[in-house]
Amino acid sequence: MEVKGKKIGFVLTGSFCTFSKTIPKMKELIKRGAQIVPIMSYNAYSLDTKFGKAKDFIDEIENITGKEIIHTIPDSEPIGPKKLTDIMVIAPCSRKYHVKISM
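Residues numbered from 1 in each chain as written. Predicted model: local features only at pLDDT ≥ 70, side-chain atom pairs only at ≥ 80, totals over all residues. Heavy atoms only, no water.

Caption draft 1: Looking closely at the overall build of the chain. Across its full length, the chain holds five helices and three strands. Ordered by position from N to C terminus, the α and β elements of the chain give β-α-β-α-α-α-β-α. The 103 residues of the chain split such that 30% are buried. When contacts within the chain are restricted to residue pairs at least 6 apart in sequence, those whose partners lie at least 24 apart make up 75%. Of the roughly 6900 Å² that the chain leaves accessible, carbon and sulfur atoms contribute 56%. (Helix = DSSP H or I, 4+ residues; strand = E, 2+ residues; numbered from the N terminus. Buried < 20%, exposed > 50% of the residue type's maximum accessible area, 1.4 Å probe, protein only. Contact = heavy atoms within 4.5 Å. Areas by Shrake-Rupley, 256 points an atom, 1.4 Å probe, with all protein chains shown as cover.)

See the structure below:
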């Protein structure tokens, strides 16, 4: 799929062990010409875990994307109505979650 020029909403959820695998995917998409709109769930944005400090992840993501992370419900509400993204990536997206939202 061609991603050059696409606005990709990249959502990180609270599965902190996956951050080290998903952040490089953001970099890859940017190298391929995509614009990343970083979005984090409340827990992903707020909690320090054994996998790292929230502030470190936030700083890295904002540095990579050049954008502030959307992390509140009021800030995320305009994404759909204003068509701020072309594609949304939910990472991780378990099979159970995917099935729930696909029905």
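So much for the structure itself; the text now carries on.
Caption draft 2: View of the sheet that holds strand β1 (residues 7–12). With parallel pairing, three strands are arranged side by side in an open sheet as β2-β1-β3. Each edge of the open sheet is held by one strand with a lone partner, namely β2 (35–40) and β3 (87–91). The sheet shows a mean angle of 20° between the axes of neighbouring strands, taken without regard to direction. Here β1 runs beside β3; their pairing, made up of five bridges, is parallel. Directly across from Gly9, in β3, lies its bridge partner Met88. (Pairing = 2+ DSSP bridges. Axes fitted to C-alpha atoms, helices over the stretch in contact; angles between N-to-C directions.)

Caption draft 3: Expanded view of unusual backbone geometry. One non-glycine residue with positive phi stands out, namely Lys83, at about 50°. Locating Lys83 in the fold gives a position in the loop between α4 (73–76) and β3. A relative accessible area of 67% means that Lys83 is categorised as exposed.

Caption draft 4: Structural detail: the environment of Met40. Residue placement: Met40 occurs in strand β2. Here Met40 is in contact with Leu12, Phe19, Tyr45, Ile58, Ile61, Ile69, Ile70 and His71, once residues within four sequence places are set aside.

Caption draft 5: Molecular detail of the packing of aromatic side chains. Going through the model one piece at a time under the given rule, you end up with two aromatic pairs. Measuring from ring centre to ring centre gives 4.8 Å for Phe19 and Phe57, while their planes differ by 85°; the resulting arrangement is edge-to-face. One end of the pair, Phe19, is in helix α1 (residues 19–31); the other, Phe57, is in helix α3 (residues 54–65), and 38 residues separate them in sequence. Like Phe19, the residue Phe57 is buried in the burial classification. Put simply, the rings of Phe16, Phe19 and Phe57 pair up and form one aromatic cluster. (Phe/Tyr/Trp six-rings, centres within 6.5 Å; stacked < 30°, edge-to-face > 60°.)

Caption draft 6: How the structure looks around α3. Compared with the 16 Å implied by 1.5 Å per residue over 12 residues, the 16 Å span of α3 between its first and last C-alpha is a close match. Those residues of α3 that fall on the buried side of the exposure criterion are Ala54, Phe57, Ile58, Ile61, Ile64 and Thr65. Projection of α3 onto a plane perpendicular to its axis shows the buried side chains occupying an angular sector of 135°, all on one side. Residues of α3 that are exposed and point over 90 degrees away from its buried face: Lys55 and Asn63. Considering only its buried residues, α3 is in contact with β1, α1, β2 and α2 (42–46). Trailing α3 by a residue or two, Gly66 shows a phi angle of about 70°, which is positive. (Expected span 1.5 Å × (residues − 1). Arc of directions from axis to C-beta.)

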